[in-house]
Amino acid sequence: VFTMSVFGVSTFCVVTGASRGIGQCIAVKLSSRFGKDSKIVIIARSEEGLIETKNQIKVVCPTCEVVCVVADLSDPASTKVACEKIPSLANDGFYQHAMFVHNAGSLADVSKKLSDTTDTVEMSHFWHLNVSSAVALNAAFLGYFSGNPKIRKTVVQISSRASEEPVPGLGLYCSAKAARLILFKVLAIEEPGIRVISYAPGPVKTEMWDSLANIHNLDMKSMFQTMAESGVVREPSATVDYLLQILEADEFESGSHVKLADEPVTNDHSQDNE
Ligand SMILES: NC(=O)c1ccc[n+]([C@@H]2O[C@H](COP(=O)([O-])OP(=O)(O)OC[C@H]3O[C@@H](n4cnc5c(N)ncnc54)[C@H](OP(=O)(O)O)[C@@H]3O)[C@@H](O)[C@H]2O)c1
């Protein structure tokens, strides 16, 4: 039980995959809720994308310190460097809340079904990005913060309904999301002093969503097309607002999987530049 609030306090936060899409929106919206003396570390491969995110953060949180870490989380050496940076980035401040948002992810090659999936080197990179790097970054983060019971600690992992439902064409993606779901349920049990949540954002208009158009399975292809036309695909800001509401209410059971239902939505574009 933490006495200090989720938002409005001095926060150290890491967001992976923050160069575009949902992760960029999470980084910007979260930092708009931080208190003074906060720091956000944003990780992705694209430095240009991270700088754009940093500029957006500076608009909503001029006092936030923003650190861009360029890393390829599908690569073990690059991930190790990113892990090693976390303690030194955290140790120059006094924080009331430490947050980690595991958002970076990829779909793998959706034009192939499992019986065409043969390249184990490519698979290793996929697993490294979607599973192993999240575990290692999380351990680096908790290795620094878990010794201090006074700091509120929150771990968010961005999940998907594909973690629980088999989707033809998304075999590797489904299995990585399923692995993450159980990993973070285990984490919640192993670390009772930490608030852990898996959040499935629903269908969201991003590059990842657009690449589903190449899916080999024709039934899935037409289903995704119908979804796009029927208005169930949200803007990142809509799903991120919902995530922030859940975090702020602070009523979720640690380790639980919270899914945003995919009923038709009205995307409120006025929120996009918040
Ligand atoms: N969009 C949806 O409909 C949807 C639905 C359910 C769940 N999700 C989940 O939401 C999360 C974000 O997805 P999104 O739709 O925003 O996807 P996106 O637009 O493709 O963005 C993915 C992010 O991950 C980063 N990333 C990809 N490969 C990386 C690598 N090798 N190393 C470091 N960072 C890497 C990308 O940055 P760089 O390219 O700069 O590295 C980017 O910032 C993912 O976990 C996804 O599975 C999305």
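Scroll up for the structure.
Small disclaimer: the values here were computed from a predicted structure and weren't measured.

**Some points on the overall build of the protein**
A tally of regular secondary structure across the protein gives eight helices and seven strands. Here the C-alpha radius of gyration of the protein, 18 Å, is about what a compact globule of 274 residues would show, namely 19 Å. Along the first, second and third principal axes, the C-alpha set of the protein runs to 55 × 40 × 35 Å. The proportion of buried residues among the 274 residues of the protein is 39%. In the protein, 80% of the contacts between residues at least 6 apart in sequence involve partners at least 24 apart.

**Comments concerning helix α2 (residues 47–60)**
Note: α-helices contain 3.6 residues per turn, so residues at a spacing of three or four share the same orientation. Helix length check: α2, at 14 residues, gives a terminal C-alpha distance of 20 Å against a target of 20 Å (1.5 Å per residue), a fit within 8%. Of the surrounding elements, those touching the buried residues of α2 are α1 (21–31), β2 (39–44) and β3 (65–70).

**Some thoughts on the environment of Val155**
With respect to the helices and strands, Val155 occurs in strand β5 (residues 152–158). With 92 residues separating them along the chain, Val155 and Leu247 place their C-alpha atoms 10 Å apart.

**A closer look at the nonpolar core**
Ranked by size, the top nonpolar core spans 63 residues in total, and within it Val14, Val15, Ala27, Ile40 and Ile42 carry the most contacts. In terms of residue count, the dominant contributor to this core is helix α4 (residues 120–145) (eight residues).

**A short note on α4**
Along its 26 residues, α4 runs 35 Å from first to last C-alpha, staying within 8% of the 38 Å computed at 1.5 Å per residue. Buried within α4 are the following residues: Phe126, Leu129, Asn130, Ser133, Ala134, Leu137, Asn138, Ala140, Phe141, Leu142 and Phe145. Where the residues of α4 are buried, they touch β1 (11–16), α3 (76–90), β4 (97–102), β5 and α5 (171–190).

Conventions we followed
- Residues numbered from 1 in each chain as written.
- Predicted model: local features only at pLDDT ≥ 70, side-chain atom pairs only at ≥ 80, totals over all residues.
- Helix = DSSP H or I, 4+ residues; strand = E, 2+ residues; numbered from the N terminus.
- Rg over C-alpha atoms; globule rule 2.2 N^0.38 Å.
- Buried ≥ 20, exposed ≤ 12 C-beta atoms within 10 Å, placed from the backbone.
- Contact = placed C-beta atoms within 7 Å.
- Expected span 1.5 Å × (residues − 1).
- Core = buried A, V, L, I, M, F, W, Y, C linked by C-beta atoms within 7 Å.

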